[in-house]
Structure formats: C-alpha cells, structure tokens
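# Summary of the model geometry
Listed below are the residues making up each chain.
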Amino acid sequence: MKVAIIGPICSDEVIVKKKRCFQLGGLTYYAGNALAALGVETTIFGSFGRKGKWLEGLRCADLVHVKAEGTIKFINEYPEENPDIRLQRAEIHKNTITIADLRKYGLKKFDYVI
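Residues numbered from 1 in each chain as written. Predicted model: local features only at pLDDT ≥ 70, side-chain atom pairs only at ≥ 80, totals over all residues. Heavy atoms only, no water.

### Structural notes on the overall build of the protein
A tally of regular secondary structure across the protein gives two helices and eight strands. Listed N to C, the secondary structure of the protein is β-β-β-α-β-β-β-β-α-β in terms of helices and strands. Seen through its principal axes, the protein has C-alpha atoms that stretch 50 × 30 × 25 Å. Within the protein, buried positions represent 37% of all 114 residues. Contacts spanning at least 24 positions in sequence make up 53% of the contacts within the protein whose residues lie at least 6 apart. In the form shown here, the protein has an accessible surface area of approximately 7500 Å², with 53% of it arising from carbon and sulfur atoms. Where the 18 positive side-chain charges of the protein centre and where its 13 negative ones centre are 6 Å apart. (Helix = DSSP H or I, 4+ residues; strand = E, 2+ residues; numbered from the N terminus. Buried < 20%, exposed > 50% of the residue type's maximum accessible area, 1.4 Å probe, protein only. Contact = heavy atoms within 4.5 Å. Areas by Shrake-Rupley, 256 points an atom, 1.4 Å probe, with all protein chains shown as cover. Lys, Arg positive; Asp, Glu negative; His and termini not counted. Charge placed at Lys NZ, Arg CZ, Asp CG, Glu CD.)

### Details of the packing of aromatic side chains
Taken as a whole, this structure holds three aromatic pairs when the rule is applied. Seen from their ring centres, Phe45 and Phe110 are 5.9 Å apart, and the 85 degrees between their planes marks the pair as edge-to-face. Residue Phe45 is located in strand 4 (residues 41–48), and its partner Phe110 is located in the loop between helix 2 (99–103) and strand 8 (112–113); the two are separated by 65 residues in the primary sequence. For the residue pair Phe45 and Phe110, the accessibility class agrees, reading buried in each case. (Phe/Tyr/Trp six-rings, centres within 6.5 Å; stacked < 30°, edge-to-face > 60°.)

### Description of the pattern of salt bridges
Overall, the coordinates contain five salt bridges when judged by the stated rule. The residue Glu77 makes a salt bridge to Arg89 at a minimum N-O spacing of 3.7 Å. Taken together, the positions of Glu77 in strand 6 (residues 72–78) and Arg89 in strand 7 (residues 87–91) put the pair twelve residues apart, joining distant regions of the chain. Classification of Arg89 as partly exposed rests on a relative accessible area of 41%. (Salt bridge = Lys/Arg side-chain N within 4 Å of Asp/Glu carboxyl O.)

### Structural notes on the sheet that holds strand 5 (residues 62–67)
Read from one edge of the open sheet, four strands run 5-4-1-8, paired in parallel fashion. Strands with a single pairing partner mark the edges of an open sheet, and in this sheet they are strand 5 and strand 8. (Pairing = 2+ DSSP bridges.)

### Concerning unusual backbone geometry
Here the phi dihedral of Lys17 falls at roughly 50 degrees; this positive angle occurs in a residue that is not glycine. Take Lys17: it is sitting in the loop between strand 2 (10–16) and strand 3 (19–25). Positive phi values are uncommon outside glycine, yet Lys18 reaches one of about 70 degrees. Looking at the element boundaries, Lys18 is found in the loop between strand 2 and strand 3.

### Description of the side chain of Asn76
Locating Asn76 in the fold gives a position in strand 6. Here the side chain of Asn76 touches Gln88 through a polar contact of 2.7 Å, side chain to side chain. Once you skip the residues sitting within four places of it in the chain, Asn76 turns out to touch Glu13, Val14, Ile15, Arg86, Leu87 and Gln88. (Polar contact = N/O pair within 3.5 Å; in protein donor to acceptor, adjacent residues only side chain to side chain.)

### A word on the environment of Ala34
Along the chain, the position of Ala34 falls in helix 1 (residues 27–37). Distance in space between the C-alpha atoms of Ala34 and Thr98 is 25 Å, their sequence separation being 64 residues.

Right, here's the structure in full:
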C-alpha cells in the first residue's frame, strides 16, 4: 500500500526545566511516521521554509519539500515538575499547499492521499 500525506512539517522546541531540545513535529510528520512504522510505503508532501539540521530527525521513508514562506514552529515549555502544566507558543508562517504544488508529483500512483 502506498500513502501520501500532505501538510505542514513543524519545528518543535521543547523546554523542560530550562533545558532545550529541538525536534520535528506536526500532525503530518507524526501520521507519516506512524504509517511508516506499520510498514506502509509513506511519502510526506510537507510544507516548510528552509531545509536545515532540524530535519535530521526525519524517520519516514520519503519527504517531498513543498516550499513555504517559513516553517511553523511550536515552543512547548514545561516550567514545573507537573508535566500537565505546559506553556505553548507558536510562530506561524503561510504554509498553503495548492493543487499546482502537487500536480507534478503524480498523486495517482498512491492508493490513499491524506
């Protein structure tokens, strides 16, 4: 089975007790990884700004970069011992994906497009 997932790829900054780590995130990324882990041939058509080191954690089989104005970033801060207390901020950029962006990739070869 071949599945295409379309949407933004996010850059997450997680702060726990003032220690920072950076990772990939967003529904598109997590759904792609879940399907790939189940053995599904998965291609993510992800919108984001520039490529960079933040993409090194990508574990899915294939990522097609759909160029965007910038990369959506979430900052999740856990200032206390209680993990249920989270402060979240977002840096939002225009990440529109249009049919014209995807037409050249021949989506008909996929069994499912999400």
